[in-house]
Amino acid sequence: MLSLTIDEREVDVKEGATILEAAEAAGVYVPTFCYHKRLMPFGACRMCVVEVEQMKGRLVPSCSTPATNGMVIHTNTAEVRKARKTLLELLLVHHPLDCPVCDKGGECKLQDLVYEYELTENRFQDSKFGYPVDYYSPLIERNTNRCVLCGMCARVCDEVVGVAAISFVDRGFKTVIGTNFERVLNCEFCGECVNICPVGALTDKLFKYKARSWELKKVNTICSYCSTGCTLTLGIKGNSIYRIIGDDTIGVNKGSLCAKGRFGYQYITSPERMNSPLIKNEAGELVRVTWEEALERAAKGFTEVKEKRGAEHIGGICSDRLTNEEVYLFQKFMRAALGTNNIDHAGGFSYSGLLKGFKSSLGYAANDITLNDVRCADVIFVVRSNLSETHPVIGYQVNMAVKRDESQLIVASDKTIKLNKLAAVSLTHKPGTEIVLLNGLIQAIISENLYDKELVSSSTEGFEQLKAKTARYGFDYVEKITGIKEDKIRETARLLSQNKKVCILVSAGLGIISDDEKLAQAVANLAMLTGMVGRKGSGIGFLGEKCNSQGTLDMGALPHLLPGFEEVSDEKARNAFEEAWKTSIPSQPGQSALEMFEGAEKGSINALYLVGENPVVSYPDTAQTIKALESLDFLVVQDLFLTPTAKCADVVLPAASFAEKSGTYTNFERRVQKLNCGLNKLEGVKTDLEIFGELSLKMGYEMNTSTPDEVMKEIGTLVPLYTEVNYSRLGEEGIVWGSPNGGKETTLYGEKLSKVKARFIPVEVDEAMLEPDKDYPLLLLVGSVLFHSGSLSTKSPELDQVGPGGWVAMSMEDARDYQLTDGQPVFVRSKRGEIALKVKINKKQTKGTVFIPYHFESQPVNTLTSKDLRPTFVEIRKG
Amino acid sequence: MIGSIIKHIWALLCGLRETLWYFLKTTILGKPITLMYPEEKWTPYPRFHGLHKLLRDDNGKEKCVACCLCAAVCPAQCITIETAENENNEKYASSYQIDISRCIFCGYCVEACPVGALLMTGEYELAEYTREGMLYNKERLLRE
Ligand code: SF4
Ligand code: SF4
Ligand code: SF4
Ligand code: SF4
Ligand code: SF4
Ligand code: FES
């Protein structure tokens, strides 16, 4: 500890703190341009100069001078003020001062400081630069004339985002911030540079000239795309969102956002959004009706099927973008009002890693790490996860951990990804061989005696089976299957078993459908073996795709589990719910999404209720999906848009977007965070919560809850994990369930796994499954891309502009073999179907594979895939 | 005593000097100040605060750059502006409206304008038959 005096105030700070940090701790304000707490000190602007008694004769920049014991500092003497004032004068020599039309006006640091230092005239004069403005880059406008050369944009792009798309160009007076060869920006479009620029040199094009900053009402809410759960600050004027910014003082993301979160909000005001319920008339056309009629019809349809065939012939599938409260009401509606357990979400695939994998191995269907653990980890192991695209803000943490704190990164991936640049060990394996690789690692750790013997013997079971089953994964065998060499496996094994803070990160979701259950078990085996589960700061992050992937599990949108992971077949648990809901719940587990779709074809499911799900686009095997939907007697779809799925429905109910409702989401850390309603609902729509309540009433079952708050109170009484969750206590940081002290301790598994029964479950894969067919030589990899999440984001034109669909990525080698050039139209064909796309040659793609993103309606990749979790092989021919 | 009464009356007359002078000027010595409005119109003083006017520059282009400072400063909050970008990447007011029925004619908006685009004219005949008539849009404010 150091103690020093700043402006007569005593303050104690940690060793290594800078004077500026000490001043902040003392509550003394020092103006800065080039300092940001997320970045390394840079010392470029000299705005932060102070006087230090021990360093007489000069002014020192406080942001980059370490504090020492006994320092006496003055931050606001006449000399300091004079220096700062001169600096501002110099900055203004070339500054255009077009504040009236500058979108930064009103929140500009330069403006504020010029005002604060009462600069009314300038002693120095020179002509202005008159650099051309970059009007041509998508989403971001660059006006170098206004730049104060603080370098924060270039630094955030490199240090946080890990792209380094912009940097200082030229020297001396001519220095500007530019791209290479002055091309237009072609980057991740995260907008972090815009957010951090203290002046109006980098601005948000969507916000350009739309409003002034002081006119905007700020509402903090949670991003509705991925499961990171970033806090967004909506800028609202009238009843529209004008921009989204990150506030660096709040949220798990501390101000960082990705392109989806920052620019992907325009779907809310899309003219394509439905604003009236629709029902199918005799002619088979969807016509606009009132809510009364639509709900009446929906209730009648369900009642008919229920009476004619029984409640078990009705099923409901919801999206994991609903709030906790909505998911809870949805399953309550299905179970209590309709009387069926046929409930599922996200296609039934996306969560099996957590639910089946982790629950059987470790006892909880949840992660035990936080975003901060990732940032502070010593070793990060990324398996089957292109997280810089699926969960960009988690990617930023990995980037910072590696670049700033020298964490060791291991990347196991089937193609070269952004993270490979940072990796200490790159394990680029053959597609689909993750589990073999993990088994190989386990074998190496066991045979080299690197495992945590104490933990394994005291807190786990099944080690002997694991040892026996993985014994055959010797180095040669693993190399044959995965293509990874012995030395890399040894190195990884060594890194993972050092008894340090280790995080394993895996992505999941409808984009990457494979055998998640086995993958999760294999990862859990590795984690238990190396003792990282239950160790503070270590653990596994199985990253769900959508904003409420975790909460949807917690709230029991599952065929066999009630909210709070209670088995429906467990009489005691069921009784508690029956008593509270004043009805009976069937004791038999219901059908999963897959079974429902199969059942629809066979006639065992006759009515479906799809909420926010778009199976025609996002589930595998589109032909089967459509056939199933067509064989139904009755289909209700609830969504924002008239999706291809909604077009098949008998009743379509328009729902509200995340910005138009309140509620809670639970992110991948199990952090329950509050959504704050920013907009009035679009005329003609209702929130999902209202719809469930009203529909239920029409079916003769009253829910007794009408606001999210009331629903959460009910959840609190029935779900022990959520008793802590109370709207008045949620605050900006949310609450991590299962952790006392508001999530400050991650104690899900307890010290040394004391709270759970941990089991090793050996897993194997059918390696023959990966052999290509001779007619279909290329392995199809379906996945997500940076600019999209699910099919919702494609309704935001801006994201579509930077991340358009309609392409298939293939390796240079394959393109050469097939004599294809970039942009050439082709047909991609599998056993199930064929689609027309354009070739995109990607040198990072592995030979023998092609990649197609799954988000796009116009690019229905799922017509090629199958629901059986087996890889799909395709052929390509010129179109 | 008498002296003090005279002193007081004298003081009173001194105080009323201007008033009395106007009284005489508009009665015995001159003609009445009352205008036979509306037959007769009053000519306002040069700095009178009347109806606003948006100005054009020498090329006939609107001077207003849509900075919204006038709206921000207006204590009666009667200025509503919507802004947009024109084909030359410049900012302009896609809609500009003053609700004259709520305006208190303080003139702060004119003072706030950084480009001298807004002026207060001597126009004072602002009565209307409808409330809508009191809403002055950009076209009306840009009048010649
Ligand atoms: S950057 Fe700041 S000082 Fe410069 S024109 Fe914009 S608002 Fe004014
Ligand atoms: S938008 Fe993001 S990736 Fe692009 S230049 Fe800015 S910080 Fe870098
Ligand atoms: S563009 Fe903005 S953030 Fe970048 S150096 Fe210039 S002033 Fe700083
Ligand atoms: S999409 Fe994910 S990473 Fe991006 S802002 Fe939203 S929550 Fe954060
Ligand atoms: S202050 Fe002047 S330039 Fe700004 S909006 Fe008002 S009239 Fe236009
Ligand atoms: S903030 Fe210290 S030099 Fe810029």
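Position numbers for residues count from 1 along each chain, tracking the sequence in the order it is written. Numbering of ligands from 1 and lettering of chains from A proceed in the order in which they are written. Two thresholds apply to this predicted model, a pLDDT of at least 70 for residue-level local features and 80 or more for giving and counting side-chain atom pairs, whereas whole-chain, interface and lining totals are computed over all residues. Based on all heavy atoms of the structure, the side-chain values leave hydrogens and waters out of the count.

A. Just the overall build of chain B, in detail. Strands here are runs of E lasting at least two residues and helices are runs of H or I lasting at least four, both read from the DSSP assignment and numbered beginning at the N terminus. Check the secondary structure of chain B and you find five helices and five strands. Scaling as 2.2 N^0.38, a compact globule of 144 residues should have a C-alpha radius of gyration of about 15 Å, whereas chain B reaches 23 Å, well beyond that. Reported as C-alpha extents along the three principal axes, the dimensions of chain B are approximately 80 × 35 × 30 Å. Counting every position in chain B, which comprises 144 residues, the buried fraction comes to 28%. By sequence separation, contacts in chain B at least 24 residues apart represent 62% of the contacts at least 6 residues apart. When the accessible surface of chain B is split by element, carbon and sulfur atoms take 59% of a total near 10,200 Å². Throughout, the radius of gyration refers to the C-alpha atoms, and the reference size of a globule is 2.2 Å times the residue count to the power 0.38. Burial classes follow relative accessibility: with a 1.4 Å probe on protein chains only, a residue under 20% of its type's maximum area counts as buried, one over 50% as exposed, and anything between as partly exposed. Here, residues are in contact when the closest pair of their heavy atoms is within 4.5 Å. Note on areas: Shrake-Rupley with a 1.4 Å probe; residue coverage comes only from the protein chains shown.

B. Spatial organisation of the overall build of chain A. Scanning chain A for helices and strands turns up 28 helices and 37 strands. Along the first, second and third principal axes, the C-alpha set of chain A runs to 90 × 70 × 60 Å. A buried classification covers 63% of the 879 residues belonging to chain A. The contacts in chain A between residues at least 6 apart in sequence include a share of 73% that link residues at least 24 apart. Per element, the accessible surface of chain A, about 33,100 Å² overall, is 50% carbon and sulfur. In summary, the charge assignment counts Lys and Arg as positive and Asp and Glu as negative, without counting His or the chain termini. To locate a charge, take NZ of a lysine, CZ of an arginine, CG of an aspartate or CD of a glutamate. Averaged over its 103 positive side-chain charges, chain A has a centre that lies 3 Å from the centre of its 113 negative ones.

C. Structural context of the sheet that holds strand β19 (residues 425–428) of chain A. Residue and element names in this part refer to chain A. Should DSSP find at least two bridges between two strands, the strands are regarded as paired. Sheet architecture is open: five strands sit in the order β19-β18-β17-β21-β22, paired in parallel fashion. Because the sheet does not close on itself, it has two edges, and the strands there are β19 and β22 (539–543). On average, adjacent strands in this sheet sit at an angle of 10 degrees to one another, irrespective of strand direction. Here strand β18 (residues 408–413) runs beside β19; their pairing, made up of four bridges, is parallel. The residue bridging S413 from the neighbouring strand is T428, located in β19. Only the stretch in contact is used when fitting a helix axis, every axis being a line fitted to C-alpha atoms; angles between N-to-C directions are given from 0 to 180 degrees.

D. Structural detail: the domain arrangement of chain A. For the domain bounds, the source is a domain assignment made automatically or taken from a database. What the domain assignment reports for chain A is domain 1 (2–76), domain 2 (124–269), domain 3 (278–349 + 549–667 + 677–721), domain 4 (351–543) and domain 5 (771–878). Centre-to-centre separation of domain 1 of chain A and domain 5 of chain A, based on C-alpha positions: 54 Å.

E. Spotlight on the site of ligand 3. Around ligand 3, the surrounding shell consists of C147, V148, L149, C150, G151, C153, I177, C197, P198, V199, A201 and L202 of chain A. In this count, Pro and Cys sit with the nonpolar residues alongside Ala, Val, Leu, Ile, Met, Phe, Trp and Tyr, while Asp, Glu, Lys and Arg are called charged and the others, Gly among them, polar. When its residues are assigned to classes, the shell around ligand 3 shows eleven nonpolar, one polar and no charged. One heavy atom within 4 Å of a molecule or strand is enough for the residue carrying it to be called near that molecule or strand.

F. Representation of the sheet that holds strand β32 (residues 778–783) of chain A in the model. Residue and element names in this part refer to chain A. Taken in spatial order, the six strands close into a barrel running β32-β36-β33-β35-β34-β37, and their pairing is mixed. Averaged over neighbouring strand pairs, the angle between their axes works out to 45 degrees when direction is ignored. Pairing of strand β34 (residues 825–829) with strand β35 (residues 834–841), which is carried by five bridges, proceeds in the antiparallel orientation. Bridge assignment links V828 to a residue of β35, and that residue is I835.

G. Layout of the side chain of S413 of chain A. For S413 of chain A, the position within the fold is in strand β18. When sequence neighbours within four positions are dropped, the list of residues in contact with S413 of chain A reads L427, T428 and H429 of chain A.

H. Structural view of the environment of D868 of chain A. You can see D868 of chain A is positioned in the loop between β36 (849–853) and β37 (872–878). Residues D868 of chain A and S319 of chain A, 549 residues apart in the sequence, show an inter-C-alpha distance of 21 Å.

I. Focus on the site of ligand 1. The environment of ligand 1 is formed by H95, D98, C99, C102, G105, C108, L110, Q111, R146, V199 and G200 of chain A. Its residues placed into classes, the shell around ligand 1 shows five nonpolar, four polar and two charged.

J. Examining the pairing of strand β11 (residues 231–237) of chain A more closely. All names here are of chain A. With seven of its seven residues buried, β11 lies for the most part within the structure. Neither face of β11 is exposed, since T231, T233, G235 and K237 on one face and L232, L234 and I236 on the opposite face are all buried. Here strand β10 (residues 217–222) pairs with β11 via six bridges, running antiparallel. Paired with T221 across the strands is L232, a residue of β11. In this structure, β11 lies alongside strand β12 (residues 240–245), joined through five bridges in antiparallel fashion. Among the inter-strand pairings, T233 is bridged to a residue of β12, identified as I245.

K. Summary view of the pairing of strand β2 (residues 79–85) of chain B. All names here are of chain B. In this sheet, strand β3 (residues 91–99) lies alongside β2 in antiparallel orientation, the contact comprising seven bridges. Each residue of the ladder has a partner; that of A84, found in β3, is Y92. Following β2, the chain reverses through five residues before pairing antiparallel with β3; N89 in that reversal takes a positive phi of roughly 60 degrees.

L. Spatial organisation of helix α16 (residues 475–482) of chain A. Residues and elements named next belong to chain A. Turning to α16, its buried residues are F475, Y477, V478, I481 and T482. All buried residues of α16 lie within an arc of 160 degrees about the axis, which places them on one face of the element. Facing away from the buried side of α16 by more than 90 degrees, the exposed set consists of D476 and K480. At its buried positions, α16 is contacted by β19, α13 (434–447) and α17 (486–496). Trailing α16 by a residue or two, G483 shows a phi angle of about 85 degrees, which is positive. Relevant arc is that of directions from the helix axis to the C-beta atoms, nothing else.

M. Here's a closer look at the confidence of the model for chain B. pLDDT gives the predictor's per-residue confidence on a scale running from 0 to 100. Looking at chain B, pLDDT values average 93 and 100% of them are 70 or higher. The complex prediction reports pTM at 0.93, with the ipTM value standing at 0.85.

N. Seen up close, the nonpolar core. All names here are of chain A. Working definition of a nonpolar core: buried Ala, Val, Leu, Ile, Met, Phe, Trp, Tyr and Cys residues. They are joined through side-chain atoms within 4.5 Å. Formed by 123 residues in total, the largest nonpolar core has its most connected members in F302, F381, I504, L529, Y609 and Y722. Two domains each provide a minimum of three residues to this core, namely domain 3 (278–349 + 549–667 + 677–721) and domain 4 (351–543). Discounting chain neighbours no more than four positions away, the residues touching F302 are I314, L338, A607, L608, Y609, F634, V636, L695 and M699. Counting residues in hydrophobic clusters, the runner-up holds 96 residues, among them C108, I244, L419 and F787.

O. Main features of the packing of helix α4 (residues 152–161) of chain A against helix α12 (residues 392–405) of chain A. Residue and element names in this part refer to chain A. The interhelical angle for the contact between α4 and α12, taken along N-to-C directions, is 95 degrees, at an axis separation of 7 Å. By the angle class used here, α4 and α12 are roughly perpendicular. Together, D158, E159, V160 and V161 of α4 and Y396, N399, M400, K403 and R404 of α12 make up the contact between the two elements. Of the residues belonging to the contact of α4 with α12, the class tally is four nonpolar, one polar and four charged. Here the word oblique covers every angle except those under 35 degrees (roughly parallel), over 145 (roughly antiparallel) and from 65 to 115 (roughly perpendicular).

P. Looking closely at the interface of chain A and chain B. Contacts between the two partners involve eleven residues from chain A and, on the opposite side, 14 residues from chain B. Accessible area that two parts lose when put together, with a 1.4 Å probe and added across both, is what the buried area reports. Across the interface of chain A and chain B, roughly 1,000 Å² is buried in total on both sides, 58% from carbon and sulfur atoms. Sorting the residues of chain A by area buried against chain B places P100, Y209 and W214 of chain A first, and these three jointly supply 49% of that buried surface. Only one rule defines a salt bridge in this text: a Lys or Arg side-chain nitrogen within 4 Å of an Asp or Glu carboxyl oxygen. Applying the counting rule to chain A against chain B returns one salt bridge. We define a polar contact as two N or O atoms separated by no more than 3.5 Å, with the added condition that, inside protein, one atom must be a possible hydrogen donor and the other a possible acceptor, whereas residues neighbouring each other in sequence contribute only through side-chain atom pairs. Scanning the region where chain A abuts chain B turns up six residue pairs in polar contact (both at pLDDT 80 or more). Residues belonging to the side of chain A that touches chain B are distributed by class as follows: six nonpolar, no polar and five charged.

Q. Region of the structure containing the packing of helix α9 (residues 352–362) of chain A against helix α18 (residues 516–529) of chain A. Residues and elements named next belong to chain A. In contact at an axis separation of 7 Å, α9 and α18 are set at 40 degrees when each is read in the N-to-C sense. Judged on the interaxial angle alone, α18 and α9 are oblique. Where α9 crosses over α18, the two elements pack in a sense that is right-handed. Listed contacts from α18 to S352, G353, K356, G357, F358, S360, S361 and L362 of α9 are D516, E517, A520, Q521, A524 and M528. Looking at the contact of α9 with α18, its residues break down into five nonpolar, six polar and three charged. By the definition used in this description, the sense in which the near helix is turned from the far one sets the handedness, with an anticlockwise turn below a right angle giving left-handed and a clockwise turn giving right-handed.

R. Representation of helix α1 (residues 19–26) of chain A. All names here are of chain A. All of the buried residues along α1 are I19, L20, A22, A23 and A26. Viewed along the axis of α1, the buried residues span an arc of 160 degrees, placing them on a single side of the element. Seen from the buried face of α1, the exposed residues on the opposite side, beyond 90 degrees, are E24 and A25. Next to the buried residues of α1 lie β1 (2–6), β2 (9–13), β3 (49–52), β4 (60–61) and β5 (72–74).

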